[in-house]
Amino acid sequence: MVREAVVEVLRPFYFRGKGRLMRNLLRLDGERTADVFGYRMRLDVSEYIQQQVYLGTFEPRETQWVRRWLAPGMSFVDVGANVGYFTLLASSLVGPTGRVFACEPSTQAFQRLEATLRENRVTQARAFPFALGSEPGELHLYFTTGVSQNHTPSMIPQPDGRPFPVTVRTLDDCLDEWGLEQVDLVKLDVEGFEPRILQGATKALFTGRIRALMCEFNDVWLRRVGSSNAALYALLRAHGFRELEHRSAPQPGTVENRFLVRA
């Protein structure tokens, strides 16, 4: 119990070596409950992302970007929401006058996300169990069949993947349906399917409807759909997006997140 209390106290703070320290303190398996941005989350700490959320080590730089950008009354769209870490962060920042929309096609992750929002009565956030893509319809979400403890299925076909049919919608259609004339921030983290989602957001991109994007650049996954880090970066720059922090373009073969704002 003492060790659990230490994790609870340290969760909001990030420092180098924190993950290693926390993993040495605890046996990380089974289900735990954690206070995350003022909300209670039930987490399966045997899964990598949920373990990091529990320890307070999940994407600290990206967390700070979102904290700097979002304010009360703003809007946020979480594409590839997983169990809802950034959905909850955004909900805590935009408050009851803001609006948060989370899309997660994985039934396993969506059920946790939906339960968290319901149990915490997060009225400013809504969750949807569909994927986004270039056109509406139905595609397959592929789950790896290996022993990986990182729950990151992809819409990109995989030779060793187990396909699961999911509904697909476009971001343009969703923004119209949700009545969002302007989106303050869209988060894209969909294991290489980002270019397809942007194809389905052509109207929003051309009209400047999206103010900022936090986007994953995963060169290995992107190349499987005929794109690359360089191509995705060039596409976003062509639509007027620039880095929130001055940085060089994403390099080939790398995996990283970038925060881009519309100039």
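Look up: the structure comes first, before these words.
Here the structure is a predicted model, which is why all the values come from computation and not from measurement.

## With respect to the side chain of Glu216
So, step 1. Position of Glu216 relative to the elements: it lies in strand β10 (residues 212–218).
So, step 2. Within the buried core, Glu216 has no salt-bridge partner, and the shortest N-O distance to an opposite charge, that of Lys187, equals 9.2 Å.
So, step 3. Apart from the residues within four sequence positions on either side, Glu216 is in contact with Leu188, Asp189, Glu191, Glu194, Leu232, Val255, Glu256 and Asn257.

## Some words on the packing of aromatic side chains
So, step 1. A complete count under the given rule lists 12 aromatic pairs for this structure.
So, step 2. Geometrically, the ring pair formed by Tyr85 and Phe86 is edge-to-face, given 5.0 Å between the ring centres and 90° between the ring planes.
So, step 3. Classification of Tyr85 as buried rests on a relative accessible area of 10%.
So, step 4. Both rings, one in Phe101 and one in Trp178, keep their centres 4.4 Å apart while their planes meet at 10°; by these two values the pair is stacked. Separated by 77 residues along the polypeptide, Phe101 in strand β4 (residues 99–103) and Trp178 in helix α7 (residues 171–178) bring together distant segments of the chain.
So, step 5. A relative accessible area of 1% means that Phe101 is categorised as buried.
So, step 6. Grouped by ring-pair contacts, the aromatic residues Phe37, Phe58, Tyr85 and Phe86 constitute a single cluster.
So, step 7. A cation over a ring is seen here: Arg169 above Phe130, with NZ or CZ 5.5 Å from the ring centre.

Rules used in this analysis
Residues numbered from 1 in each chain as written. Predicted model: local features only at pLDDT ≥ 70, side-chain atom pairs only at ≥ 80, totals over all residues. Heavy atoms only, no water. Helix = DSSP H or I, 4+ residues; strand = E, 2+ residues; numbered from the N terminus. Buried < 20%, exposed > 50% of the residue type's maximum accessible area, 1.4 Å probe, protein only. Lys, Arg positive; Asp, Glu negative; His and termini not counted. Salt bridge = Lys/Arg side-chain N within 4 Å of Asp/Glu carboxyl O. Contact = heavy atoms within 4.5 Å. Phe/Tyr/Trp six-rings, centres within 6.5 Å; stacked < 30°, edge-to-face > 60°. Lys NZ or Arg CZ within 6 Å of the ring centre and 35° of its normal.

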